[in-house]
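Close look at the chain arrangement
Here's the letter readout for the chains.
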Amino acid sequence: MENFGVQIDEIIERYPDKPEYLIFLLQDIQSSYGYISPEAMQLACDRTGVPLTQGYSVATFYQSFRLDPSGEHEIRVCLGTACHLKGGQRLVEDLERRLNIKAGETTADMRYTLNTVNCVGACALSPVAIIDDEYHPNATARKLEKRLNALDQTDAADEKEAGHA
Ligand code: FES
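In what follows, the accompanying structure is described. (Residues numbered from 1 in each chain as written. Predicted model: local features only at pLDDT ≥ 70, side-chain atom pairs only at ≥ 80, totals over all residues.)

Below, the discussion takes up the overall build of the protein chain. Helix and strand counts for the protein chain come out as seven helices and four strands. Along the longest, intermediate and shortest principal axes, the C-alpha atoms of the protein chain span 50 × 50 × 25 Å. Taken across its 165 residues, the protein chain has 21% of its residues classed as buried. (Helix = DSSP H or I, 4+ residues; strand = E, 2+ residues; numbered from the N terminus. Buried ≥ 20, exposed ≤ 12 C-beta atoms within 10 Å, placed from the backbone.)

Pasting the structure below:
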């Protein structure tokens, strides 16, 4: 879990103890830790006086919040109308098989998280997938597979290098 050296208490104390600050507090936690753990949610709700169930409603309403840790690489497949019509769903299914997870999940080795998203504004190039922040227009299962294989190789080489450091 990332925390960039920031303690959760330090983040909590940045915000006044008022319900309207919950969302800012959650955003801050997520940008420091990558996700909002149950403990962090409890602390944020205690601080702002918001009931826990409401805290979770807020976090699930805004799709940008994550309640689980993300993998090292995030794959997003667009399932907006244009991408859906051009086979976006097939891409999701192929990736689910390749990674052995369902959309919304992270692989057991914490390397990949697979998510679906709504239109990312590149409909003319559909179907679109995004790996980390890299757009893949006119995506095919084969092209994405190639990219993932390349990432696997780079990561393996980095690990090997780190092992020798
Ligand atoms: S529907 Fe996928 S980019 Fe618009």
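Ile75, Val77, Cys78, Leu91, Leu95 and Ala129 are the most contacted members of the largest nonpolar core, which has 14 residues in total. At the level of elements, β1 (73-78), α6 (88-99) and β2 (112-117) are the ones that each hand at least two residues to this core. At four residues, α6 tops the list of elements feeding residues into this core. Not counting chain neighbours up to four residues away, the residues in contact with Cys78 comprise Cys83, Gly88, Val117, Cys119, Val120, Pro127, Val128 and Ala129. Residues Ile11, Leu22, Ile36 and Ala59 belong to the second largest nonpolar core, which totals twelve residues. (Core = buried A, V, L, I, M, F, W, Y, C linked by C-beta atoms within 7 Å. Contact = placed C-beta atoms within 7 Å.)

Glancing now at unusual backbone geometry. At the junction of Ser126 and Pro127, the peptide bond is cis and its omega measures out at 0° in the coordinates. Of note in the backbone geometry, Asn100 takes a positive phi value of approximately 60° without being a glycine. Position of Asn100 relative to the elements: it lies in the loop between α6 and β2. Phi is positive for Met110, which is not a glycine, with a value near 65°.

Here we take up the environment of Cys83. Within the element layout of this structure, Cys83 appears in helix α5 (residues 81-85). Considered as a pair, Cys83 and Asp158 are 75 residues apart in the sequence and their alpha carbons are 34 Å apart. Apart from residues no more than four positions distant in its own chain, Cys83 is found in contact with Cys78, Gly88, Ser126, Pro127 and Val128.

Right, let's get into the sheet that holds β2. The four strands are arranged β2-β1-β3-β4 in an open sheet whose pairing can be described as mixed. Of all the strands in the sheet, the pair left with one neighbour each is β2 and β4 (134-136). Each adjacent strand pair in this sheet contributes to an overall mean axis angle of 20°, direction not counted. The pairing of strand β3 (residues 129-131) with β4 spans three bridges and is antiparallel. Bridge pairing in β4 links Ala129 to His136. Each of β1, β2 and β3 touches α6; the most contacted strand, β1, lies at about 150° to it. (Pairing = 2+ DSSP bridges. Axes fitted to C-alpha atoms, helices over the stretch in contact; angles between N-to-C directions.)

Quick look at the pairing of β1 now. Note: β1 against β2, six bridges, orientation parallel. Paired with Ile75 across the bridge in β2 is Leu114.

Relative to the assigned elements, Thr106 resides in the loop between α6 and β2. The buried category is assigned to Thr106, around which 22 C-beta atoms lie within 10 Å. As a C-alpha pair, Thr106 and Leu148 span 42 residues in sequence and 15 Å in three-dimensional space. Those residues in contact with Thr106, other than ones at most four positions away along the chain, are Asp68, Pro69, Ser70, Gly71, Ile101, Tyr112 and Thr113.

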